Amino acid sequence: MPTKSKILDGKKSSESIISDVEQEIISLLNDDMNPPKLGVVLVGNNPASESYVRNKIRACKKAGIEHILIKLDETISENELLIEIDKLNKSDIDGFIVQLPLPSHIDMQNIINSIDPSKDVDGFHPINFGKTALGLPSMKPATPYGILKLIKMNKIETKGKHVVVVGRSNIVGKPLSIMLGNDFSIGRATVTSCDINTPKNLLLSELKRADIIIIAVGRPGFLTGDMVKEGVIVIDVGINKVDGKIIGDVEFDSVYEKCSLITPVPGGVGPMTISALVINTLNSWKSKYKIKTKRYEKGNL
Ligand code: GUN
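Everything numeric in this text was worked out from a predicted model, so none of it was measured.

*Asks:* What's the story with the sheet that holds strand S6 (residues 212-215) in this structure? I'm lost.
*Replies:* Strand order in the open sheet formed by 5 strands is S5-S4-S6-S7-S10, and the pairing between neighbours is parallel. The two strands at the open ends of the sheet, each matched to only one other strand, are strand S5 (190-194) and strand S10 (261-262). Pairing of strand S7 (residues 233-236) with S10, which is carried by 2 bridges, proceeds in the parallel orientation. In the sheet register, Ile233 faces S10, and the bridge partner there is Leu261. Across the sheet, helix H7 (residues 173-181) lies against strand S4 (162-166), S5 and S6, angled at about 170° from S4, the strand it touches most.

What follows is the structure, given as structure tokens:
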């Protein structure tokens, strides 16, 4: 009998979501409507950001979502960028993202705060973070939302499980820890939130008793096989470039030996973030046309 794969295939799950979104758009679109449209703001020439943006645009095209790409020079001032965002807020576009990171002379939080929450398809605005934390309908932060989708689609139980989230960024670790503790079908977990400042022995003892580990610290190969228990499920959010190769925050080979399931890098969380962005854009478009969306049902993913 073939052994069951331990790989949590984010690419496959993402493709299935994007194809569902495509079907839904085809079924809803009529002559009185414009197709959904996403705006993508890219400041500067960061090669990693350019590559993420290309992948986001490719996914939108597959789903039947139109896009506009607004490329801005590295030297743009914060005020000039705020003016661009104001234009997008007032446009008929369904949603837009500002690809991060931004150049260091721009205050990222000021930029996020200026995005109309109803067009914030990354789910980064404080209003969307707050609503998500309270379990209210909202645009959900893209990467945590994608991870919950991956958990759901692979029928992984979180209720009553001990989940350790390593990393406490505003866009991944912090919202994810809260969402996993919410009282929804994917949630109801006992969550420990750690970061790289957690004392090594405390971090180790938490990791060793974790049923599920989600790691987003941006340190290549940080999590090794000796830090986890047999049968653990590992979700690797890290995307690090080392010697021209993309690797995650997990030392894949040693952790693979012990885990029951693991996301690869690339092909794990990355594509799920993109599919979450596509769902948020679909939902924003539907709410513009007053089409009821499952988003408004309590706890629905
Ligand atoms: N940079 C890294 N991840 C993300 C993301 O999910 N959205 C945006 N806008 N920028 C990012």
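*Asks:* What is the right way to look at the side chain of Thr263 in this model?
*Replies:* As for its placement among the helices and strands, Thr263 is situated in the loop between S10 and helix H10 (269-288). At 2.8 Å, the side chain of Thr263 and the backbone nitrogen of Asp236 are in polar contact. When near neighbours in sequence (up to four residues on either side) are disregarded, Thr263 contacts Leu8, Leu150, Val234, Ile235, Asp236, Phe252, Gly268 and Val269.

*Asks:* Got a minute to help me understand the packing of helix H1 (residues 10-28) against H10 in this structure?
*Replies:* Packed helices, taken two at a time, are described by their axes: the angle between them and the distance between them. Contact geometry for H1 and H10: axes closest at 8 Å, N-to-C directions at 15°. Taken together, the axes of H1 and H10 lie roughly parallel to each other. Between H1 and H10 the crossing geometry is left-handed. On H10, the residues touching Gly10, Lys11, Ser13, Ser14, Ile17, Ile18, Val21, Glu24, Ile25 and Leu28 of H1 are Pro271, Met272, Ser275, Val278, Ile279, Leu282, Trp285 and Lys286. The residue makeup of the contact of H1 with H10, split by class, is 11 nonpolar, 4 polar and 3 charged.

*Asks:* Please explain the pairing of S7 as it appears in this structure.
*Replies:* For a regular strand, the rule is simple: side chains alternate between the two faces of the sheet. Burial along S7 is two-sided: Ile233 and Ile235 facing one way and Val234 and Asp236 facing the other are all buried. Sheet topology places S6 next to S7; 4 bridges connect them, and they run parallel. In the sheet register, Ile214 faces S7, and the bridge partner there is Ile235.

*Asks:* Is there a simple way to explain H7 in this structure?
*Replies:* An α-helical turn contains 3.6 residues, so a residue and the one three or four places further along point in the same direction. Where H7 is concerned, the buried positions are Gly173, Pro175, Leu176, Ser177, Met179 and Leu180. Summarising the contacts, the buried residues of H7 are in contact with helix H5 (126-134), helix H6 (142-153), S4, S5 and S6.

*Asks:* I'm lost on the pattern of salt bridges in this one. Help?
*Replies:* Oppositely charged side chains may form a pair once their charged atoms are brought near each other. By the definition in use, this model includes 10 salt bridges. One salt bridge in this structure joins Asp211 and Lys229, with 2.8 Å as the shortest N-O distance. Note that Asp211 is positioned in the loop between helix H8 (200-208) and S6 and Lys229 in the loop between S6 and S7, a separation of 18 residues in sequence. According to the relative accessible area criterion, Lys229 is partly exposed, its value standing at 29%.

*Asks:* Honestly, the nonpolar core in this entry has me stumped. Any pointers?
*Replies:* Nonpolar side chains tend toward joint burial in soluble globular proteins. Membership of the largest hydrophobic core comes to 49 residues, with the highest contact counts inside it found for Val21, Ile147, Leu148, Ile151, Leu180 and Ile214. When residues in this core are grouped by element, the largest group, 9 residues, is from H10. When near neighbours in sequence (up to four residues on either side) are disregarded, Leu180 contacts Leu148, Ile151, Thr158, Val163, Val165, Gly187, Arg188, Ala189, Val191 and Ile214.

*Asks:* So what exactly am I meant to see when it comes to helix H3 (residues 78-90) here?
*Replies:* Over its 13 residues, H3 runs 18 Å from end to end, which matches the ideal 18 Å to within 8%, given 1.5 Å per residue. Turning to H3, its buried residues are Leu81, Ile85, Leu88 and Asn89. Summarising the axial view, the buried residues of H3 lie within an arc of 100°, below the 170-degree limit, and thus occupy one face. Opposite the buried face of H3, by more than 90 degrees, sit the exposed residues Asn79, Ile83, Lys87 and Lys90. Summarising the contacts, the buried residues of H3 are in contact with strand S1 (37-43), strand S2 (66-72), strand S3 (95-98) and helix H4 (108-114).

About the thresholds
- Residues numbered from 1 in each chain as written.
- Predicted model: local features only at pLDDT ≥ 70, side-chain atom pairs only at ≥ 80, totals over all residues.
- Heavy atoms only, no water.
- Pairing = 2+ DSSP bridges.
- Helix = DSSP H or I, 4+ residues; strand = E, 2+ residues; numbered from the N terminus.
- Contact = heavy atoms within 4.5 Å.
- Axes fitted to C-alpha atoms, helices over the stretch in contact; angles between N-to-C directions.
- Polar contact = N/O pair within 3.5 Å; in protein donor to acceptor, adjacent residues only side chain to side chain.
- Parallel < 35°, antiparallel > 145°, perpendicular 65-115°, else oblique.
- Left-handed = near helix turned anticlockwise from the far one by under 90°.
- Nonpolar A, V, L, I, M, F, W, Y, C, P; charged D, E, K, R; others polar.
- Buried < 20%, exposed > 50% of the residue type's maximum accessible area, 1.4 Å probe, protein only.
- Salt bridge = Lys/Arg side-chain N within 4 Å of Asp/Glu carboxyl O.
- Core = buried A, V, L, I, M, F, W, Y, C linked by side-chain atoms within 4.5 Å.
- Expected span 1.5 Å × (residues − 1).
- Arc of directions from axis to C-beta.

The analysis is restricted to geometry; functional conclusions fall outside its scope.
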